[in-house]
Amino acid sequence: NAGVTQTPKFQVLKTGQSMTLQCAQDMNHNSMYWYRQDPGMGLRLIYYSASEGTTDKGEVPNGYNVSRLNKREFSLRLESAAPSQTSVYFCASSERPPTQLYNSPLHFGNGTRLTVT
Amino acid sequence: TQLLEQSPQFLSIQEGENLTVYCNSSSVFSSLQWYRQEPGEGPVLLVTVVTGGEVKKLKRLTFQFGDARKDSSLHITAAQPGDTGLYLCAGGTATNKLIFGTGTLLAVQP
């Protein structure tokens, strides 16, 4: 049972380059999320998708775009990478909608470690 | 902006010792979740507490939600090397958002 799968695991970009982080879940969850994790700052929500075909901004959406390709897949795109986007990116999914996360666990992938030079 | 501060930020102890990790805020939360994150992996949910004063036990781990629902603690008895990891609390807000704490990095030495 794979759960949430993220690719790639590691990536180094130069300032201005673009890339897409891929995420897929096999738990038939409706809701999917992208977080970034920085030392001493916990996890911050970038974008989320409550269901196929919908996406919404989270706490730190600037510089990112997302696509909910289908129920399984949710991708995160950096159009013009900046050093401030150096971080570990986590994709997550949940059985319940974002408004009910207080009563529903988030299932996380193993992350993508991105360095922008 | 609601913030969740965790303390201590880092903790290194010997196997067999007890420890407590704190998660504090000036805001009220509807619920409080605790996650553990092992190196190179994503966080995994340990427990959810929803009632002020609630105490939940998970083997050697004891979780408590403060009476006023502004703080929480995680106590580990007789820590083992397998307890090593980053412990994150996450609070459910009145606007149905989930806010993560700053994290406590625990290292248990054998």
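I will try to describe carefully the structure that is included in this document.

Cut-off values and rules
Residues numbered from 1 in each chain as written. Chains lettered and ligands numbered in written order. Predicted model: local features only at pLDDT ≥ 70, side-chain atom pairs only at ≥ 80, totals over all residues. Heavy atoms only, no water. Helix = DSSP H or I, 4+ residues; strand = E, 2+ residues; numbered from the N terminus. Rg over C-alpha atoms; globule rule 2.2 N^0.38 Å. Buried < 20%, exposed > 50% of the residue type's maximum accessible area, 1.4 Å probe, protein only. Areas by Shrake-Rupley, 256 points an atom, 1.4 Å probe, with all protein chains shown as cover. Lys, Arg positive; Asp, Glu negative; His and termini not counted. Charge placed at Lys NZ, Arg CZ, Asp CG, Glu CD. Pairing = 2+ DSSP bridges. Axes fitted to C-alpha atoms, helices over the stretch in contact; angles between N-to-C directions. Core = buried A, V, L, I, M, F, W, Y, C linked by side-chain atoms within 4.5 Å. Contact = heavy atoms within 4.5 Å.

1. Considerations on the overall build of chain B
Stage number 1. Each helix and strand counted, chain B has zero helices and eleven strands in total.
Stage number 2. Reading the helices (α) and strands (β) of chain B from amino to carboxyl end gives β-β-β-β-β-β-β-β-β-β-β.
Stage number 3. Taking 110 residues into account, the globule formula puts the C-alpha radius of gyration at 13 Å, and chain B, at 13 Å, falls close to it.
Stage number 4. Seen along its three principal axes, the alpha-carbon backbone of chain B occupies a region of about 45 × 25 × 20 Å.
Stage number 5. The buried share among the 110 residues of chain B stands at 45%.
Stage number 6. On chain B, roughly 5,200 Å² of surface is accessible, and the fraction owed to carbon and sulfur atoms is 51%.
Stage number 7. Computing the positive centroid from 8 side-chain charges and the negative centroid from 9, chain B places the two 8 Å apart.

2. Focus: the sheet that holds strand 8 (residues 74-78) of chain A
All names here are of chain A.
Stage number 1. Taken in spatial order, the four strands line up as 1-3-8-7 in an open sheet, and their pairing is antiparallel. What marks the edges here is a single partner per strand, and that holds for strand 1 (4-7) and strand 7 (64-68). Taken pair by pair, the neighbouring strands of this sheet meet at an average axis angle of 20 degrees, ignoring direction.
Stage number 2. Inspection of the sheet shows strand 3 (residues 19-25) paired to strand 8 by three bridges, in the antiparallel sense. By the bridge assignment, T20 is partnered in strand 8 with R77.

3. Focus: the environment of G82 of chain B
Residue and element names in this part refer to chain B.
Stage number 1. Assignment of secondary structure puts G82 in the loop between strand 8 (71-76) and strand 9 (85-92).
Stage number 2. The exposure class assigned to G82 is exposed, which follows from its relative accessible area of 53%.
Stage number 3. For the pair G82 and A107, spaced 25 residues apart in sequence, the C-alpha separation works out to 9.2 Å.

4. Observations regarding the nonpolar core
Stage number 1. Counting 22 residues, the largest nonpolar core has W34, L74 and I76 of chain B as its most contacted members.
Stage number 2. Elements that contribute at least two residues to this core include exactly strand 3 (19-24), strand 4 (31-37), strand 5 (44-49), strand 7 (61-65), strand 8, strand 9 and strand 11 (104-109) of chain B.
Stage number 3. Residues contacting L74 of chain B, with those up to four places away along its chain left out, are L19, T20, V21, W34, L61, T62, F63 and Y87 of chain B.
Stage number 4. Counting residues in hydrophobic clusters, the runner-up holds 19 residues, among them C23, W34, Y64 and L78 of chain A.

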